[in-house]
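# Topology and contacts: notes
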Amino acid sequence: MQMSDRIGRRIKLQDVHILLAVVQAGSMGKAARHLSTSQPNISKSITDLEQELGVRLLDRHRQGVEPTEYGRALLDCGIAVFDELRQGVKNIEFLADPATGEARIGGPPFLTATFACAVVDRLSRRYPRIVVHLTVGPEQDLYRKLSDRNLDVLVTRKFGPIDEHLEFESLFDDSPLLVVAGARSPWARRRRIELAELVNERWALPSPESGMGSLVMEAFRASGLAYPRTTAVADFVEGRMNLLASGRFLTILPPSVLGFSMGRPRCKVLPVELPSAPVSLGIVTLKNRTLSPVARLFIEHARAVAKPRAKRK
């Protein structure tokens, strides 16, 4: 009997589930308490797996356990298997009742609060009983959660290449960048402004090391100007928008921040030509992964919400 046939007959999903629990807990004792079983049962499951595969899956030491190279390979497979099963169950539930279901969507804070919320609003009007879990955070954390299958879809801007195991679908170009002032700013009354006139103003800008900050820096360079002295460095858009309210600050924003705000902020786009490279706003998913029905619906409605802007290309 070939090994692949033996695996199908002898390896139990429960044993793989226990291996996942042990690695996540860091010890067999903690995993046993989490799974409400005994430590001997946990140990037997791991031993059965190791004997069936003929390799050691865990290294035991005083501090607990950690997966071997073979263990990590099985864990990667196990995570994918359980994720596919979970999505399969969601498909069955959705087929039984198409009005219900859940999806987990991630994105940068203000993009989630604007574009993603506009999609949720549209989606919930047709499917009022669905649940969409919105997660915000640093881009690196969001990509890790997506790779770990803790998110279904990531809504973000593409500033460069992405990992080969991910897939990016562009919805529209979120450019050119806009110079924005508060409604009470004296600059809000001007009909024509040169960027050079604003260099010495109070700026609230993203850090130059961030994706958006690098685009802002390139825009100033293309205009023959140095990056302005920044009074407030903030990568989160909400902070920069709040500073505009005083009328004393300027900032630079992509069009989506203003175009998809549920409540229009009291600000004014200044008539400034700001050379900037096109930046795509879109959705990122894990390649070769089955998505839940609600996640697929979210993507469909995201395309519909983005369609008017996509036509402006």
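In every chain, residue numbers begin from 1 and rise along the written sequence. Per-residue local features of the predicted model are confined to residues with pLDDT of at least 70, and side-chain atom pairs are confined, for both listing and counting, to 80 or more; whole-chain, interface and lining totals are unaffected and use all residues. Only hydrogens and water are removed before side-chain values are computed, so all heavy atoms of the structure are retained for them.

## Quick word on the sheet that holds strand E9 (residues 230-233)
- Taken in spatial order, the 5 strands line up as E9-E8-E10-E7-E11 in an open sheet, and their pairing is mixed. Strand pairing shows two members of the sheet lacking a second neighbour, E9 and strand E11 (267-269), which therefore form its edges. Direction aside, the axes of adjacent strands within the sheet are offset by 30 degrees on average.
- A contact between two residues is defined here by any heavy atoms of the two lying within 4.5 Å. A fitted line through C-alpha atoms serves as each axis, taken over the contacting stretch for helices, and the angle formed by two N-to-C directions is quoted from 0 to 180°. In this text, helices come from DSSP runs of H or I with a minimum length of four residues, and strands from runs of E with a minimum of two, each type numbered from the N-terminal end. Against the sheet, helix H9 (residues 237-244) makes contact with strand E7 (178-182), strand E8 (202-205), E9, strand E10 (249-253) and E11, and its axis sits at roughly 140 degrees relative to E10, the strand it touches most. At least two bridges found by DSSP between two strands are what make those strands a pair.

## Focus: the sheet that holds strand E6 (residues 166-173)
- With mixed pairing, 5 strands are arranged side by side in an open sheet as E4-E3-E5-E12-E6. Whereas interior strands pair on both sides, the edge strands pair on one side only; in this sheet they are strand E4 (131-136) and E6. Neighbour-to-neighbour, the strand axes of the sheet open up by a mean angle of 25 degrees, direction not taken into account.
- Across 2 bridges, strand E3 (residues 102-107) lies against strand E5 (residues 153-158) in parallel orientation. Among the inter-strand pairings, Ile105 is bridged to a residue of E5, identified as Val153.
- Taken strand by strand, helix H6 (residues 109-126) contacts E3, E4, E5, E6 and strand E12 (280-286), and its axis lies near 170 degrees from that of E4.

## Observations regarding unusual backbone geometry
- The omega torsion of the bond from Ser175 to Pro176 falls at 5 degrees, within 30 degrees of zero and hence cis.
- Within the secondary structure, Pro176 sits in the loop between E6 and E7.
- A positive phi angle, close to 55 degrees, is found at Ser36, a residue other than glycine.
- Relative to the helices and strands, Ser36 is located in the loop between helix H3 (28-35) and helix H4 (39-53).
- Of the residues examined, Ser36 reaches a relative accessible area of 69% and is grouped as exposed. With a 1.4 Å probe rolled over the protein chains alone, any residue whose accessible area is under 20% of its type maximum counts as buried; one over 50% counts as exposed, and the rest are partly exposed.

## Thoughts on H6
- End to end, H6 covers 25 Å across 18 residues, agreeing with the expected 26 Å (1.5 Å per residue, within 8%).
- By definition, a residue's bend is the angle between the axes fitted to the seven residues ending there and the seven starting there. Along H6, the sharpest kink reaches roughly 35 degrees, centred on Ala116.
- The set of residues buried in H6 consists of Phe110, Leu111, Thr112, Thr114, Phe115, Ala116, Ala118, Val119 and Leu123. Working rule for helices: expected span equals 1.5 Å times residues minus one.

## Some words on the environment of Ala188
- Structurally, Ala188 can be placed in the loop between E7 and E8.
- When near neighbours in sequence (up to four residues on either side) are disregarded, Ala188 contacts Gly182, Ala183, Lys268 and Leu270.

## Some details on the confidence of the model for the protein chain
- In this model, the protein chain carries a mean pLDDT of 85, and residues with pLDDT of at least 70 account for 93%.
- Values of pLDDT, the confidence the predictor places in each residue, fall between 0 and 100. Least confident of the elements in the protein chain is helix H1 (residues 3-10), whose mean pLDDT is 53; most confident is E12, at 95.

## Describing a nonpolar patch on the surface
- A grouping of Leu13, Val81 and Leu85 is seen on the molecular surface, where their side chains present a nonpolar patch of about 230 Å² in accessible area.
- Its place among the elements puts Leu85 in helix H5 (residues 69-96).
- A residue is classified by how much of its surface remains accessible, and Leu85, at 44% relative accessible area, is partly exposed. Think of a patch as exposed residues, more than 30% relative accessible area, with no salt bridge, where like charges cluster within 9 Å and nonpolar side chains (Val, Leu, Ile, Met, Phe, Trp, Tyr) cluster within 5 Å. Computed by Shrake-Rupley with a 1.4 Å probe, the accessible areas treat only the displayed protein chains as cover when residues are assessed. By definition here, a salt bridge exists when the distance from a side-chain nitrogen of Lys or Arg to a carboxyl oxygen of Asp or Glu is within 4 Å.

## Some remarks on the nonpolar core
- Core analysis: the biggest nonpolar cluster contains 27 residues, and Phe115, Val155, Leu171, Phe172, Leu281 and Phe298 have the highest contact counts within it.
- Elements supplying a minimum of two residues to this core: E3, H6, E5, E6, E12 and helix H11 (293-310).
- Ranked by the residues each element gives to this core, the list is headed by H11, at 8 residues.
- Setting aside residues up to four positions removed in sequence, Phe298 forms contacts with Ile105, Ala116, Val119, Val120, Leu123 and Val155.
- Residues belong to a common nonpolar core when they are buried Ala, Val, Leu, Ile, Met, Phe, Trp, Tyr or Cys residues joined through side-chain atoms within 4.5 Å. Judged by nonpolar contacts, the second largest core, of 20 residues, contains Ala181, Leu198, Ala219 and Leu270.

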